[in-house]
Amino acid sequence: MDAAREALNTLLGSFIGFAEQMLEQHGEFYPYAGAMKPSGEVVSIGHQDGDAQPPRIEALESLRGFLATEAGAGRIVATALFYDCRVSVPDSDAISDAIAVELDHASGSSLVCYLPYRLADGTLETGDIFANEGANAVFGIS
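Every value quoted in this text rests on a predicted model; they were computed, and no experiment measured them. (Residues numbered from 1 in each chain as written. Predicted model: local features only at pLDDT ≥ 70, side-chain atom pairs only at ≥ 80, totals over all residues. Heavy atoms only, no water.)

### Here's the deal with the overall build of the protein
Helix and strand counts for the protein stand at two helices and seven strands. The N-to-C order of helical and strand elements in the protein reads α-β-β-α-β-β-β-β-β. In terms of overall size, the protein behaves like a compact globule, its C-alpha atoms giving a radius of gyration of 15 Å where 142 residues would be expected to give roughly 14 Å. Its C-alpha atoms put the protein at 45 × 35 × 25 Å along the principal axes. Across the 142 residues of the protein, 44% fall into the buried class. Of the roughly 7600 Å² of accessible surface on the protein, 47% is carried by carbon and sulfur atoms. Here the protein holds 7 positive side-chain charges and 21 negative ones, and the gap between their average locations is 3 Å. (Helix = DSSP H or I, 4+ residues; strand = E, 2+ residues; numbered from the N terminus. Rg over C-alpha atoms; globule rule 2.2 N^0.38 Å. Buried < 20%, exposed > 50% of the residue type's maximum accessible area, 1.4 Å probe, protein only. Areas by Shrake-Rupley, 256 points an atom, 1.4 Å probe, with all protein chains shown as cover. Lys, Arg positive; Asp, Glu negative; His and termini not counted. Charge placed at Lys NZ, Arg CZ, Asp CG, Glu CD.)

### Describing the pairing of strand β6 (residues 123-126)
Here strand β5 (residues 110-120) runs beside β6; their pairing, made up of four bridges, is antiparallel. In the strand pairing of β6, Leu119 is matched with Leu124. (Pairing = 2+ DSSP bridges.)

### Observations concerning the side chain of Glu70
Relative to the helices and strands, Glu70 resides in helix α2 (residues 56-72). Residues in contact with Glu70, not counting those within four places in the same chain, are Arg75 and Ile76. (Contact = heavy atoms within 4.5 Å.)

### Regarding the pattern of salt bridges
Side chains carrying opposite charge are able to pair once their charged atoms draw close together. Counting across every chain of the model gives seven salt bridges. We note a salt bridge from Glu28 to Arg56, for which the minimum N-O separation is 2.8 Å. Of this pair, Glu28 sits in the loop between α1 (2-26) and β1 (32-36) while Arg56 sits in helix α2; the two residues are 28 residues apart in sequence, bridging distant segments of the chain. Notably, a salt bridge pairs Asp97 with Arg86, separated by 3.2 Å at the nearest N-O pair. Pair noted here: Asp97 is in strand β4 (residues 95-105) and Arg86 is in strand β3 (residues 78-88), with a separation of eleven residues, a long-range link. (Salt bridge = Lys/Arg side-chain N within 4 Å of Asp/Glu carboxyl O.)

### Focus: the environment of Ala131
If you trace the backbone, Ala131 turns up in strand β7 (residues 130-133). Separated by 17 residues in sequence, Ala131 and Tyr114 have C-alpha atoms that sit 6.1 Å apart. In this structure, Ala131 is in contact with Leu111, Val112 and Cys113, ignoring residues within four places of it in sequence.

### Description of the environment of Val87
Take Val87: it is sitting in strand β3. When the C-alpha atoms of Val87 and Tyr114 are compared, they prove to be 7.8 Å apart, with 27 residues separating the residues in sequence. Contact partners of Val87, with chain neighbours within four places excluded, come to Ala94, Ile95, Ser96, Ala98, Tyr114 and Phe130.

The following block contains the structure:
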């Protein structure tokens, strides 16, 4: 399980900065993903459909489908799917915008991490990251 955690932490650390950068520069970001190949190589993955920018939910489902296909073929062993959402902050009555990250591993490890944020005069202010158990939709293991 340590190898899975290390792979998922690597993906989270490698790609979360892009969401933060997009939020600061544009106030939003489009769903995107990162994956780890069996060799340990980390790759970024954008929307795969020919439509430049379909609705975000369609882009998210398209990315999940692409990742599941790649996982089924054995071309990737870990994934991180990033999207913007609203979330209830633990131990609080607050609801916040958040960067959501679905982290899945071939071993069955699966988490959804949330990084609450707010934009104040173009500056990104983040809260404490928290996680829930994920559904491991990419590898189909629950």
